[in-house]
Amino acid sequence: MILITGGRGAVATRLTTLLHDAGLPVRLGSARPEDLSPPAGVPTVRLDLTDPACFPAALAGVTSVFLYASSERITDFVHHAHLAGVEHVVLLSSAGVLGPDAENDPLARSHLDVENALLASPITTTILRPGSFASNASAWAWAMKAGRPISLPFPDAHTDPVHEADLAEAAHAVLVDPRHRGGRFTLSGPRSLTFTQQIDQLAAVIGRPVRAERVTREQWKREMADYIPDVYAEALLNWWESNDGKPVALTSAVEELTGHPARPFTVWAADHAADFTTARSGGQR
């Protein structure tokens, strides 16, 4: 039995389908399992990674786990996983842990703490470290639908957007192929793109111009205050500033694991075009 955590996430959803279609037994966990819509025959279970009381039932009979990084109760989760007989954990971590000051970066540190807890355990751990999720661009959808400019404190900051389908396929590969078990994989998209370039590609896909506006760090933090705690906002801003005008390093790990090149950002934009359109665009939503 393979337990998939974070069941409402885009990666988990795709991974569940891939494993189920391959005839493998899958259990889908979420803090709100009633909100899940898994493929027919896939059982769901309550799994709140901050509540150890639900760990034993979720892990019963499980041999492999696909785990989203959640550091709050990771020691408890690892303990219960070991007691349940889990042999293999595939962790979706972050390339941020490879930074020179990861221990003092609140975003990277949360992933690093999970990695360290797993690596200190007897459970075989395979780590996927994506750079930037292409889905981070979804944060621009509201402004685009409203016809407002996208606020960018560092419009020329580079990221390496990775399609969630590539992450799911990479996770599938390391779960089913013993050759990859215990590996460490840094996953990137095929190109290093600035935020401006990503916005231009989105505009081309949806067929209308999209405006961007340079704002100060403080302006951006005020706009995001209801969504991102200040300590994480500062960490994001520092990361973007460090990559302002500087392409990020790319890897071939997606192709090595999946057998095909990483999908370009234009593919992600086309797959999610409806998320960025308004009622003015043919009534789409």
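Residues numbered from 1 in each chain as written. Predicted model: local features only at pLDDT ≥ 70, side-chain atom pairs only at ≥ 80, totals over all residues. Heavy atoms only, no water.

> Looking at this model, I keep getting lost on the packing of aromatic side chains. Mind explaining?
Each aromatic ring pair is characterised by the separation of its centres together with the angle its planes make. Under the counting rule described, the total for this entry stands at 7 aromatic pairs. Each ring, one from Phe 195 and one from Trp 240, has its centre 5.4 Å from the other, and the planes form 85°; the classification is edge-to-face. Placement of the pair is Phe 195 in helix H7 (residues 195-206) and Trp 240 in helix H9 (residues 230-242), with a sequence separation of 45 residues. For Phe 195, a relative accessible area of 9% translates into the label buried. On the accessibility criterion, Trp 240 (13% relative accessible area) is buried. Between Trp 268 and Phe 276, the aromatic rings sit 6.0 Å apart at their centres with planes inclined by 70°, giving edge-to-face as the arrangement. Judged by relative accessible area, Phe 276 falls into the buried class, the value being 0%. (Phe/Tyr/Trp six-rings, centres within 6.5 Å; stacked < 30°, edge-to-face > 60°. Helix = DSSP H or I, 4+ residues; strand = E, 2+ residues; numbered from the N terminus. Buried < 20%, exposed > 50% of the residue type's maximum accessible area, 1.4 Å probe, protein only.)

> It is not clear to me how helix H6 (residues 164-176) should be interpreted in this structure. Could you clarify?
The first and last C-alpha atoms of H6 sit 18 Å apart over 13 residues, in line with the 18 Å expected at 1.5 Å per residue. Counting buried residues in H6 gives 10 out of 13 residues, a clear majority hidden from the surface. Among all positions of H6, only Glu 164, Ala 165, Asp 166, Leu 167, Ala 168, Ala 170, Ala 171, Ala 173, Val 174 and Leu 175 are buried. (Expected span 1.5 Å × (residues − 1).)

> How should the pattern of salt bridges be read in this particular structure?
Where charged atoms of side chains with opposite charge meet at close range, the side chains can pair. One pass over the structure, following the stated rule, counts 15 salt bridges. With a shortest N-O distance of 2.5 Å, Arg 263 and Asp 166 are connected by a salt bridge. With Arg 263 in the loop between helix H10 (253-258) and helix H11 (265-271) and Asp 166 in helix H6, the pair connects residues that are 97 residues apart, well separated along the chain. By relative accessible area, Asp 166 is classed as buried at 0%. Between Arg 217 and Glu 234 there is a salt bridge, with the nearest N and O atoms lying 2.7 Å from each other. On the criterion of sequence distance, the pair formed by Arg 217 in helix H8 (residues 217-224) and Glu 234 in helix H9 is long-range, its members being 17 residues apart. The exposure class of Arg 217 is partly exposed, given its relative accessible area of 22%. (Salt bridge = Lys/Arg side-chain N within 4 Å of Asp/Glu carboxyl O.)

> Explanation requested: the sheet that holds strand S5 (residues 88-92) in the structure shown.
The strands that make up a sheet are held in pairs by hydrogen bonds between backbone atoms, and each pair lies either parallel or antiparallel. Spatial strand order, S3-S2-S1-S4-S5-S6-S11: 7 strands in an open sheet with parallel pairing. Every interior strand has two partners, whereas the edge strands, strand S3 (44-46) and strand S11 (184-187), have only one. Along the sheet, successive strands turn relative to each other by an average axial angle of 20°, direction set aside. Note that strand S6 (residues 124-130) and S11 share 4 bridges and pair parallel. In the strand pairing of S11, Pro 130 is matched with Leu 187. (Pairing = 2+ DSSP bridges. Axes fitted to C-alpha atoms, helices over the stretch in contact; angles between N-to-C directions.)

> It is not clear to me how the side chain of Asp 48 should be interpreted in this structure. Could you clarify?
Structurally, the position occupied by Asp 48 is in the loop between S3 and helix H2 (55-59). Polar contacts involving the side chain of Asp 48 include one to the side chain of Thr 50, which spans 2.7 Å. With sequence-adjacent residues up to four places away left out, Asp 48 is seen in contact with Ala 31, Cys 54 and Phe 55. (Polar contact = N/O pair within 3.5 Å; in protein donor to acceptor, adjacent residues only side chain to side chain. Contact = heavy atoms within 4.5 Å.)

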